[in-house]
Amino acid sequence: FTGQTQKMNLFQAITSALDNSLAKDPTAVIFGEDVAFGGVFRCTVGLRDKYGKDRVFNTPLCEQGIVGFGIGIAVTGATAIAEIQFADYIYPAFDQIVNEAAKYRYRSGDLFNCGSLTIRSPWGCVGHGALYHSQSPEAFFAHCPGIKVVVPRSPFQAKGLLLSCIEDKNPCIFFEPKILYRAAVEQVPVEPYNIPLSQAEVIQEGSDVTLVAWGTQVHVIREVASMAQEKLGVSCEVIDLRTILPWDVDTVCKVRL
Amino acid sequence: MEVSRGSGGGSGCAPVLPASRVLVASRNFANDATFEIKKCDLHRLEEGPPVTTVLTREDGLRYYRMMQTVRRMELKADQLYKQKIIRGFCHLCDGQEACCVGMEAGINPTDHLITAYRAHGFTFTRGLSVREILAELTGRRGGCAKGKGGSMHMYAKNFYGGNGIVGAQVPLGAGIALACKYNGKDEVCLTLYGDGAANQGQIFEAYNMAALWKLPCIFICENNRYGMGTSVERAAASTDYYKRGDFIPGLRVDGMDVLCVREATKFAAAHCRAGKGPILMELQTYRYHGHSMSDPGVSYRTREEIQEVRSKSDPIMLLKDRMVNSNLASVEELKEIDVEVRKEIEDAAQFATADPEPPLEELGYHIYSNEPPFEVRGANQWIKFKSIS
């Protein structure tokens, strides 16, 4: 990548991706609880001022309604970027996601689809979130054909993956590790770019055992790999799965001789 | 405001006065007084709660003490949170004391109550001690949920919490009401939610079931004007929350007046106990703190607004003025109660700070009800907890 980069943390990388999307796609809209003022994690700061209140707007407190409504927007061909304020609150929308969004194209024989729907949601533990501000629900969605589920590990990955989700012609759920919103910082390109979905990344080569992780845990696993090398002389391959569904079986299972 | 002085007992029997009160009574306090209360707006109801009510000295002193206790307990929680002795989430209800105290005054201890996460006041009025509540906030063994629940997960007899996902507790409340009807003991269930949660779909599902099956369920919307940082006008197509039950009769109540809340609750409970089915109450109230301890509460409302409510509608002040002006109590006497309450809170805070945390082995308990105990994986596969129930 040769373009200009800027130091960004995870939430800034998300804002950048959303900014790029709304700039090049005039049908793109962002909605969810409290997104208008910038969002409870500042992911949508400045977007309403820049793109107007009919493109960045708040919804009432109704997750099932938010997703159902998002499916509707997407079915007409507009790009719908819905936010569920915490992944812990996604369950009222589970029926809409699994029974409506995932099956729309299939059941209409490709006459209709809600592929331009992307659901973003803060995800994962922070230490003080307890039962309802810490959950990682990707496993519930991992067996639902028709949707895609993506979890980035860093700002650079997040922007590229989110842009791919938004442009992907299937409904996508994008979980953002909230503990990394401020903590993870790196140089991220200002212009849009894509990181392909359903492609795992081997972030460290190794020969004895394969460790697979996603999101925040990738960083833990990287440390584990170092410790294993140092203390046990074990050479670990570390893979970031990135897309949970459909997942990259080939990269994970590839025989390395 | 017209006030008449009564002598003798309150509504019905003569109260038995403990010795200290007899001493004070010799200073010629009235035993009760009649007050005018705001008329409730009605929906699908011919008549509403009475517009005057009798307050006995004893009841007044009790409500005052309870409201003051909730107030000081919440302020102490604020302090402990800023000292990082309370961690995690903490949603305070100071400003809304008339709601929990007024409701409790309108029902029996055998009735049932369920609410969402702004629950410390209800935990107290439903019978738990300040000690147990503060120790739960600080996550210690002496806490009412053994230190594992925290601010949002407190429970007591006939008090079903303490729930994190807003709106989810409302169908639960309808279910409790069904059990009340089934058990035939004339009990009712108070099912609370806020102005933000009022737009959740499952609440309307609960309205329909409760009305269809004539459940003794009092739906109560505690409208404090803001769902987190979103004002009611920006969240709801209709801010007449007391009408949102549509086919369910409703009343809109002044939630800053403990007597208004009491009378409305009594009225609603009588409606349910008479087998007329569910009823909906909207309490118009206000919280001084932000949504939680991480919200300063001034980015979506002005300090002037908060100050105005504090100076004109503070529930404790309203009760105090009424009692003093109608000779139900003296300023000094109420100040003494303040001092006693402060001490009680201080002692409870000491306990909550000194009590040990629950032992780590208990972390996995009570996941299932099971025999024999099973192993639970911790943060990694070599950390194991035993789950026992």
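Conventions adopted
- Residues numbered from 1 in each chain as written.
- Chains lettered and ligands numbered in written order.
- Predicted model: local features only at pLDDT ≥ 70, side-chain atom pairs only at ≥ 80, totals over all residues.
- Heavy atoms only, no water.
- UniProt positions renumbered as here; feature names shortened; annotations may be inferred.
- Pairing = 2+ DSSP bridges.
- Helix = DSSP H or I, 4+ residues; strand = E, 2+ residues; numbered from the N terminus.
- Axes fitted to C-alpha atoms, helices over the stretch in contact; angles between N-to-C directions.
- Contact = heavy atoms within 4.5 Å.
- Phe/Tyr/Trp six-rings, centres within 6.5 Å; stacked < 30°, edge-to-face > 60°.
- Buried < 20%, exposed > 50% of the residue type's maximum accessible area, 1.4 Å probe, protein only.
- Buried area = accessible area lost by both parts, 1.4 Å probe.
- Nonpolar A, V, L, I, M, F, W, Y, C, P; charged D, E, K, R; others polar.
- pLDDT = per-residue confidence, 0-100.

- Looking at an unreviewed UniProt entry, chain B carries the name Pyruvate dehydrogenase E1 component subunit alpha, with the source organism given as Myotis davidii.
- Recorded under Subcellular location (unreviewed entry), the UniProt text for chain B is reproduced unchanged: "Mitochondrion matrix".
- Its UniProt record gives chain B the following Catalytic activity (unreviewed entry) comment, quoted word for word: "N(6)-[(R)-lipoyl]-L-lysyl-[protein] + pyruvate + H(+) = N(6)-[(R)-S(8)-acetyldihydrolipoyl]-L-lysyl-[protein] + CO2".

- Chain A goes by 3-methyl-2-oxobutanoate dehydrogenase (2-methylpropanoyl-transferring) in an unreviewed UniProt entry, where it is assigned to Myotis davidii.
- A UniProt comment under Cofactor (unreviewed entry) is attached to chain A, and it reads "thiamine diphosphate".
- The record in UniProt for chain A states the following under Catalytic activity (unreviewed entry): "N(6)-[(R)-lipoyl]-L-lysyl-[protein] + 3-methyl-2-oxobutanoate + H(+) = N(6)-[(R)-S(8)-2-methylpropanoyldihydrolipoyl]-L-lysyl-[protein] + CO2".

## Brief notes about the sheet that holds strand β11 (residues 236-240) of chain A
Residue and element names in this part refer to chain A.
Here comes step 1: Taken in spatial order, the three strands of this open sheet run β9-β11-β10, and their pairing is mixed. Each end of this open sheet is capped by a strand with a single partner; those strands are β9 (201-204) and β10 (209-213). The sheet shows a mean angle of 35° between the axes of neighbouring strands, taken without regard to direction.
Here comes step 2: Two strands pair when backbone bridges link them, and β9 and β11 are joined in this way by three bridges, in the antiparallel orientation. The residue bridging V202 from the neighbouring strand is I239, located in β11.
Here comes step 3: Against the sheet, helix α9 (residues 217-232) engages β9, β10 and β11, with an angle of about 160° to β10.

## A look at the packing of aromatic side chains
The description of two aromatic rings rests on the distance between their centres and on the angle between their planes.
Here comes step 1: All chains considered together, the criterion is met by 15 aromatic pairs over all chains.
Here comes step 2: For the ring pair Y104 of chain A and F112 of chain A, a centre distance of 6.4 Å and an interplane angle of 65° mean the geometry is edge-to-face.
Here comes step 3: Given the relative accessible area of 41%, F112 of chain A is considered partly exposed.
Here comes step 4: Note on F204 of chain B and Y207 of chain B: the rings are 5.2 Å apart at their centroids and 80° apart in plane angle, and the pair reads as edge-to-face. Of this pair, F204 of chain B and Y207 of chain B are both found in helix α7 (residues 201-212), three residues apart, which corresponds to roughly one turn of the helix.

## Quick notes on the interface of chain A and chain B
Here comes step 1: Between chain A and chain B, the residue contacts involve 15 residues of the former and 15 residues of the latter.
Here comes step 2: In total, chain A and chain B occlude about 1200 Å² of area from one another, counting both sides; carbon and sulfur atoms represent 64% of this.
Here comes step 3: Contact with chain B buries area across many residues of chain A, yet L61, H128 and Y132 of chain A alone supply 40% of it, more than any other trio.
Here comes step 4: Its residues placed into classes, the side of chain A that touches chain B shows seven nonpolar, five polar and three charged.

## Side note on unusual backbone geometry
Here comes step 1: The linkage connecting L245 of chain A with the following residue, P246 of chain A, adopts the cis geometry, with an omega of -10°.
Here comes step 2: Within the secondary structure, P246 of chain A is located in the loop between β12 (243-245) and α10 (249-253).
Here comes step 3: In the segment running from G161 of chain B into G162 of chain B, the intervening peptide bond is cis, with an omega of 25°.
Here comes step 4: Even without being glycine, D34 of chain A reaches a positive phi, approximately 65°.
Here comes step 5: Along the chain, D34 of chain A turns up in the loop between β2 (29-32) and α2 (47-51).
Here comes step 6: You will see that R242 of chain A, though not glycine, has its phi angle at about 65°, which is positive.
Here comes step 7: Following the sequence through the fold, R242 of chain A ends up in the loop between β11 and β12.

## Some thoughts on the confidence of the model for chain B
Here comes step 1: The pLDDT averaged across chain B works out to 92; a share of 93% of its residues lies at or above 70.
Here comes step 2: Across residues 1-14 of chain B, where pLDDT falls below 50, the model places 25 contacts with residues more than four positions away in sequence or in other chains.

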